[in-house]
Every structure is written in structure tokens, then in C-alpha cells.
Amino acid sequence: MKQNIPEKCCRIQPESFTGKNLTRFGGAGLVRRFFDKLGVADLMEVLGTERRRKGDYSPADMCLSMLYGLMMGIFRPSHMMELAADKVFQNIVRLDRFPSQSTISRFLAKITVHKADHMAGINQMLLDRVRKGFQDMNKITLDLDSHVIPVFGNQHRAKRGYNPKKRGRKSYHPLLCFVGETRDCLGGLFRPGNCTNHHVRDFLKKMFCRLPSKAEIRLRADSGFFNWEFLKWLWGRGIEFYVVVPQQPWVQRLILGIGTWHKIDGNRATGEIFVPIGRSKQVRFVVIRKPVKHGELPRKQLKLLNVQAELYDYQVIATNSELSGEDVWHCYNQRACCENFIKEGIYGFGLDTSITRNWAGSRLYFELVMLAYNLMNWFKEMALGRSGRKEMAHSVRWKLLWIPARVVRKGRRILVRLAQWWTYQNEFRHAQKALA
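Quick caveat, the model's predicted, so the values are computed rather than measured.

Mapped onto the fold, S321 is located in the loop between β13 (312–319) and α11 (325–333). Within the structure, the side chain of S321 is placed 3.1 Å from the backbone nitrogen of L323, a separation counted as a polar contact. Leaving out residues up to four positions away in the same chain, S321 has contacts with E240, Y242 and R284.

Written out as C-alpha cells, the structure reads:
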């Protein structure tokens, strides 16, 4: 009778760094094919291809390399050293070499504002190419928001201003404008931290020029953009707006005067207030209230509103729309996606980091982040076929880009061998076919 003899356990030897032709960015070829399809490298030549001496990087090469780093989820020059050492990655994306940390830092320290403007122009050209100038859209929703980028030092033109998380620290305070229907970043304005919203109108004029004149535009913004002159300006241009009203004492008095409330879904109710703006116009304030659960307190401690027997959470939206109060609330709540867009920029592309002390370099990097955000948004649509519900950039990288791989040379061919056990092979093949 045969006996099952257990195999001897293999003894695991200590680890050693002796592997060759390996990379953890095996899916980077998808990004390279996507860039080729859009002609990204050709557009980068607008930045300049000249080199001061042999062996230098041109501005186009530098920006293209950093763009690859952002797409791979690497945001800081010190972390991009991994890509500089990874020759397999460079072969996959067809880069002759990748700049070191010191090279990137020197480039950003010497860059000019004109190069940052050229980068913004590249983003706009690609946006027009992909969306065809938004000519097939009759209604376009713009989501306006701002973001605070704290700095840790004396960066050029960084100022103390509105900074709820790092009070008293210098920062930058860029404006961002997104297209609600497509999730694209239409444009951004990089500003010092002490800037107020007086520049919003000039910024929006540029955004409106990028949209077809036939399209009906509606604007959504949070309470930081509430201003009577701003609302008058939007109304004068025929823009339908939905702007949150800060609940100051005068607004609380108006809320307490509402006599009729209409119940809507979710145990909420809506009321309306008409406030004169100018001589012949009235802005409609749509008020949404929700009862506070027993034992809890309202999210904001409002003295005038706490005199009621039953406590409520309130939200006030200023609008010139003729929609019902419930529809106004639903329309504005879709702006919550804009907060997710900014989170995507922060966690997916390092929007909240400042990597240089130079103002022009910070502007250029900001434009690169916005371009990388848009490219990833288009990659999800063109390569993955997802135009509605989209995954975050981290999930896309985890499934399709961060794949262990080995490069094998056969004759004159270079073959990329991806991990055989990879779970998301079907998604990868789908993206390959879409970008072929």
C-alpha cells in the first residue's frame, strides 16, 4: 500500500534585489496608446523643443514626462525618481529617459508664465478636440468652485487668506470651473491665497467664450460666491443661476417669516422668499428645511432659528429659475459631484500640493494637474466605455496600470509579459481593443 509522503518544505531564502527587466507599471502602454490617439506629444511641442546643450531636456519633454508621472499616480518630483530608474516603464511609453528630481525642480524654478499659458492652451485644444467644442450640447451646466492649496514655506505670491484647515498659513486659492454633464475641467485660475471673488466675472467671461453661443448656460456655486452684484451680472447675461445663500441674521429673519411650507421627499419641506434685486427684478430664495433628529443639534448654530420649538437644518438657494422648489433643490444637489471632481484632483493628481517656490512653476504644475484630470476623464470614456458612472482614478490605475510585468526581447521585438494571475484581464483587453 502506497503511503503519501509529504513533500519537503522549501526554505525561503532572504530577499535580494536581483530581478531584471521588471516593472510595476505594466499597463502604462495603454496610456501611451491613448496619448498617441489624441496627439498629446505633438501638442506639447508648442512649449518648445529647443535644448540649450546636448543632453538637456526640452520643455516639451519635461512636461510630457511629468504628465506621465501624474497619470501613473506619482505627484512629487522626489517620488518620480522611481520612473527615472525604471527603464522598463520608459521602454513601454517610448521615452528615451526620464528626468531626475533635481532636473524637474530646476525646470520649474526657471519656467516662465508664458509656458504656463501655453499649457492651458494645450488643455483647451484637447478639450475642443475631444468634445468638438460642445457644439452638440444645447444646455450646459457650469459648476464653479475654489480650492485652498496650503504651502509650507515662502513660496512666491503665496498669501494669507481664507484657509479653514490651516488657519494663518500662506496658501494659493485657485478657481475651478467644471462642466456638469461631462465632468471636464473647462478651466482654472491660479491665484494667491488672499484673493477674493472679485475676479470671478472676468474668469467666467473666458469660460463663456469657450462654449457655443447657442447653448443655454446655467451656473451652480456655493455660498462663497454669493454677492448681489454677481447675481445681477449673471441675470444681465441671461445665465440661469443656483447659488447658495449664507445664513446671515437678515436671511434668518426672512426664513422665520415664511408661512407656507410644501412637503417633499425625505421628510423635508420647501418655502420661498422673493427678495428685490434692482428696480424691477426679484431673486427667489428657495429654502429647504429638514427636521433635526431628537437628541441632535443643527449643523450650524443659528441663534434666530433656534428659537423655534422644533429644530431644523436649513439650506437657502438663490435662483432666477422658474422650476419648482423641489426641482431647484434637486438641481443644485447635483453640484455635489463637483466636490467629487475636486477630490479626484486632490487624491488622484495631487492638486493640494505645491512642489516649487516659483509662481510660474506653480502655475505650470497646476495646469498640468488639470490636463491630467481631463485626460483620465476621457480615458475612462474612450478606453473603458464609461460615460455615466465612472470609477475614481485610483481604481483605474489599480486595475489597468499598476500591473506587474517583465520585458522579454525576441529578436528585434520587445514583448511585455503581464502577470498571468491578474484579475482584470478582460478589462485590460477591452481597453486595448478600444485604443487600437
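Let us look at the layout of surface pockets. With a probe scaled to a water molecule rolled over the atoms, the places where space remains empty come into view. By volume, the second largest pocket amounts to about 560 Å³. Around the second largest pocket, the lining is made up of 15 residues, and of these R52, D56, Y57, F107 and K110 lie nearest the centre. Elements that contribute at least two residues to the lining of the second largest pocket include exactly α3 (59–71) and α6 (101–110). The leading source of residues in the lining of the second largest pocket is α6, at four residues. A per-class count over the lining of the second largest pocket returns five nonpolar, two polar and eight charged.

This next bit is on helix α1 (residues 28–38). Along α1, eight of the eleven residues are buried, which leaves the element largely enclosed by surrounding structure. Taken from the residues just after α1, G39 is the one with a positive phi, measuring 70°.

Inspection of the secondary structure puts N374 in helix α13 (residues 359–382). In terms of polar contacts, N374 uses its side chain to reach the side chain of N123, at 3.0 Å.

With 94% of its residues at a pLDDT of 70 or more, the protein has an overall mean of 89. By mean pLDDT, helix α12 (residues 336–349) is the weakest element of the protein at 79, and α1 is the strongest at 96.

The next point concerns empty space enclosed by the protein. Summed over the entire model, instances satisfying the criterion amount to three cavities of 30 Å³ or more. One number sums up the size of the largest cavity: a volume of about 80 Å³. Considering the residues around the largest cavity, the lining is formed by I149, Y172, F190, G350, L351, T353, S354, I355, S362, Y365, F366 and V369. A per-element tally of the lining of the largest cavity places α13 first, with four residues. Looking at side-chain class alone, the lining of the largest cavity contains eight nonpolar, four polar and no charged residues.

Glancing now at the sheet that holds strand β14 (residues 405–410). Taken in spatial order, the three strands make up an open sheet running β1-β14-β15, and their pairing is antiparallel. Taken across any chain shown, the strands that pair with only one partner, and hence form the sheet edges, are β1 (22–23) and β15 (413–418). Of the pairings in the sheet, the one linking β1 to β14 comprises two bridges and is antiparallel in character. Within β14, the position partnered with L22 by the bridge is R406.

Reading the values: the criteria
- Residues numbered from 1 in each chain as written.
- Predicted model: local features only at pLDDT ≥ 70, side-chain atom pairs only at ≥ 80, totals over all residues.
- Heavy atoms only, no water.
- Helix = DSSP H or I, 4+ residues; strand = E, 2+ residues; numbered from the N terminus.
- Polar contact = N/O pair within 3.5 Å; in protein donor to acceptor, adjacent residues only side chain to side chain.
- Contact = heavy atoms within 4.5 Å.
- 1 Å grid on protein atoms, 1.4 Å probe; cavity = no way out; pocket = protein on both sides within 12 Å on 5 of 7 lines; lining within 4 Å.
- Points joined across faces, edges and corners; volume = space filled by probe spheres on them.
- Nonpolar A, V, L, I, M, F, W, Y, C, P; charged D, E, K, R; others polar.
- Buried < 20%, exposed > 50% of the residue type's maximum accessible area, 1.4 Å probe, protein only.
- pLDDT = per-residue confidence, 0-100.
- Pairing = 2+ DSSP bridges.

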